[in-house]
Amino acid sequence: MDKNVQEERFTEMIKFTPPLYKQRYQFIKDLVWKYKPKKVADLGCADCTLLWMLKFCSCIEVLAGLDICENVMKEKMHRLSPLPGDYLQPAERSLTVTLHHGSVAHKDPCMLGFDLITCIELIEHLEEPELEKFPEVVFGFMAPAMVVISTPNSEFNPLLPGVTPFRHPDHKFEWNRAEFQSWALNIARCYDYSVEFTGVGPPPTGMEEVGFCTQIGVFIRKYSQTSETARFEKPTKAAYKTVFKAVYPSLKDEKYLQIAVVSEVVFTAQVIKRNLLDHLNSEHEEYSDGPVEIKSKSQHSENCVSEELAVEKCMEPSVSGNVVYIPLTKIFSFPKVNQLCGTFEKLYKLIADKVTLSSDGSAMVVDIEQENE
């Protein structure tokens, strides 16, 4: 049975709003917003709900999940795939999401270099040999800047009808606050971390002495990884099996950046062209009974060389025959184009082969008839 579903059964008599599992996930999201880690891993990720929530955090560029049950991950991992909207409007950041099948008692180099590692309702599912190896693997080998561990507080259990003896049939133990804090403080001392204790799921009024329903330890590494040599041997052999990987489209990728820039440039050029033609028509209507007459293609061809040379020297858009010349400097002045490209040189590089430019490359050439159609 899903651990969150099982938990909701036991907490029906005590209403947690929002549900307890959502409070735990929100606790992690709040930490992410505060510390802005770029690489986050969730150990015991189960149905990937936390990873799905974290993929929307703009600071995160790498998300990884690890679980011993491959089937549970596969049931919901499709939620971590990019959506059509992600391709239509790529984000500025890059994002890679990877899921691994394996045990937290084993070391794999794919888990090195993370800023934050979460272990939400995980340790109580570990057999004793796994629990003994857990500190060395997570704090000694993975050695992230921050580790968050949550686990049930057994002192709260008498308030949960039907808990006999544990909240979930797969739990191997459930600690009280003193037991959890003793274990956590010992880890902090051994691996140069500080640890603070808190929780989610407050007790009913008058029962404050039992503490939070879920107890949480937040570990922060004291030493700098960049300035300290590795204290533990880093194996190069993979111990996990990768079962899912998604790379999101990003404006950091030249391919997606070019698509976005060309699309914005074409849109901007059409806006400029429409405004120009509307202005010319309104001016002409002041002195005549009809819309402004645009020269035919044959008329334009007679003087195309001299006219193009003239418009290229102009900083404002202009009409010549059946085309409008829009200086790239004008297009670059639009905030969205400027933001996407950064420099005029970058703009030119990205659009040179994708749109029609004047002979000297200083202006974009747009056909009037396309607009009329």
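Residues numbered from 1 in each chain as written. Predicted model: local features only at pLDDT ≥ 70, side-chain atom pairs only at ≥ 80, totals over all residues. Heavy atoms only, no water.

Labelled according to an unreviewed UniProt entry, the protein chain appears under the name Small RNA 2'-O-methyltransferase, originating from Nothoprocta pentlandii. UniProt, in the comment section headed Cofactor (unreviewed entry), describes the protein chain in these words: "Mg(2+)". The protein chain has a UniProt comment under Sequence similarities (unreviewed entry) that states "Belongs to the methyltransferase superfamily. HEN1 family." (UniProt positions renumbered as here; feature names shortened; annotations may be inferred.)

Caption draft 1: Structural view of the pattern of salt bridges. Per the counting criterion, the structure on display carries 11 salt bridges. With a shortest N-O distance of 2.8 Å, Glu136 and Lys107 are connected by a salt bridge. Note that Glu136 is positioned in helix α6 (residues 128-142) and Lys107 in the loop between β3 (96-101) and β4 (116-120), a separation of 29 residues in sequence. The class of Glu136 is partly exposed, set by a relative accessible area of 34%. Among the charged side chains, a network of salt bridges with common partners joins Glu70, Lys74 and Lys241. (Salt bridge = Lys/Arg side-chain N within 4 Å of Asp/Glu carboxyl O. Helix = DSSP H or I, 4+ residues; strand = E, 2+ residues; numbered from the N terminus. Buried < 20%, exposed > 50% of the residue type's maximum accessible area, 1.4 Å probe, protein only.)

Caption draft 2: The arrangement of the nonpolar core in detail. Residues Leu54, Ile60, Leu99 and Val148 are the most contacted members of the largest nonpolar core, which totals 43 residues. Elements represented by at least two residues in this core include exactly α2 (20-35), α3 (49-54), β3, β4, β5 (146-152), β7 (214-221) and β8 (241-247). Of all the elements, α2 adds the most residues to this core, at seven residues. When near neighbours in sequence (up to four residues on either side) are disregarded, Ile60 contacts Val32, Pro37, Lys38, Val40, Leu54, Arg93, Ser94 and Leu95. Counting residues in hydrophobic clusters, the runner-up holds 35 residues, among them Ile117, Cys119, Phe141 and Phe180. (Core = buried A, V, L, I, M, F, W, Y, C linked by side-chain atoms within 4.5 Å. Contact = heavy atoms within 4.5 Å.)

Caption draft 3: Structural detail: the sheet that holds β5. Pairing within the open sheet is mixed, and its eight strands lie in the order β6-β7-β5-β4-β1-β2-β3-β8. With one partner strand each, in any of the chains shown, β6 (193-200) and β8 form the two edges of the open sheet. The mean angle between the axes of side-by-side strands here comes to 15 degrees, regardless of whether they run parallel or antiparallel. Pairing analysis gives six bridges linking β3 to β8, with the strands arranged antiparallel. Considered in β8, the bridge of His100 is made with Thr242. Across the sheet, α6 is in contact with β1 (39-43), β4, β5, β6 and β7; its angle to β5 comes to roughly 160 degrees. (Pairing = 2+ DSSP bridges. Axes fitted to C-alpha atoms, helices over the stretch in contact; angles between N-to-C directions.)

Caption draft 4: Geometry of the side chain of Gln215. When you line up the elements, Gln215 lands in strand β7. Reaching out from Gln215, the side chain makes a polar contact with the backbone oxygen of Trp175 at a distance of 3.0 Å. With residues up to four places along the chain from it excluded, the contact list for Gln215 reads Ile149, Ser150, Thr151, Pro152, Asn153, Trp175, Asn176, Arg177, Phe180, Thr198 and Gly199. (Polar contact = N/O pair within 3.5 Å; in protein donor to acceptor, adjacent residues only side chain to side chain.)

Caption draft 5: How the structure looks around the environment of Lys15. When you line up the elements, Lys15 lands in the loop between α1 (3-10) and α2. Residue classification places Lys15 among the exposed positions, given a relative accessible area of 67%. For the pair Lys15 and Pro204, spaced 189 residues apart in the sequence, the C-alpha separation amounts to 9.5 Å.

Caption draft 6: Expanded view of the confidence of the model for the protein chain. Mean pLDDT over the protein chain: 88, with 84% of residues reaching 70 or higher. Segment residues 227-231 is flagged for pLDDT under 50; beyond a separation of four residues in sequence, or across chains, it makes five contacts in the model. (pLDDT = per-residue confidence, 0-100.)

Caption draft 7: Examining the pairing of β4 more closely. The buried fraction of β4 is high, at five of five residues. Residues of β4 alternate between two faces, with Leu116, Thr118 and Ile120 on one and Ile117 and Cys119 on the opposite face, all of them buried. When β1 meets β4, the two strands line up parallel, connected through three bridges. Looking at β4, one finds that Val40 is bridged to Leu116. Bridge analysis of β4 against β5 gives five bridges, and the strand direction is parallel. When the sheet's bridge partners are listed, Cys119 is paired in β5 with Ile149. Regarding topology, α6 serves as the crossover connection from β4 to the parallel β5, and that connection is right-handed. (Right-handed = clockwise from strand over helix to strand, strands pointing away.)

Caption draft 8: Geometry of the sheet that holds strand β9 (residues 318-320). Taken together, the three strands give an open sheet; going across it, the order is β9-β10-β11, and neighbouring strands pair in antiparallel fashion. Each of the sheet's edge strands pairs with one partner strand only, and the pair in question is β9 and β11 (363-367). Averaged over all neighbouring strand pairs, the angle between strand axes comes to 30 degrees, with direction disregarded. As defined by bridge partners, strand β10 (residues 323-327) adjoins β11 across five bridges and the pair is classed as antiparallel. The residue bridging Tyr325 from the neighbouring strand is Val365, located in β11.

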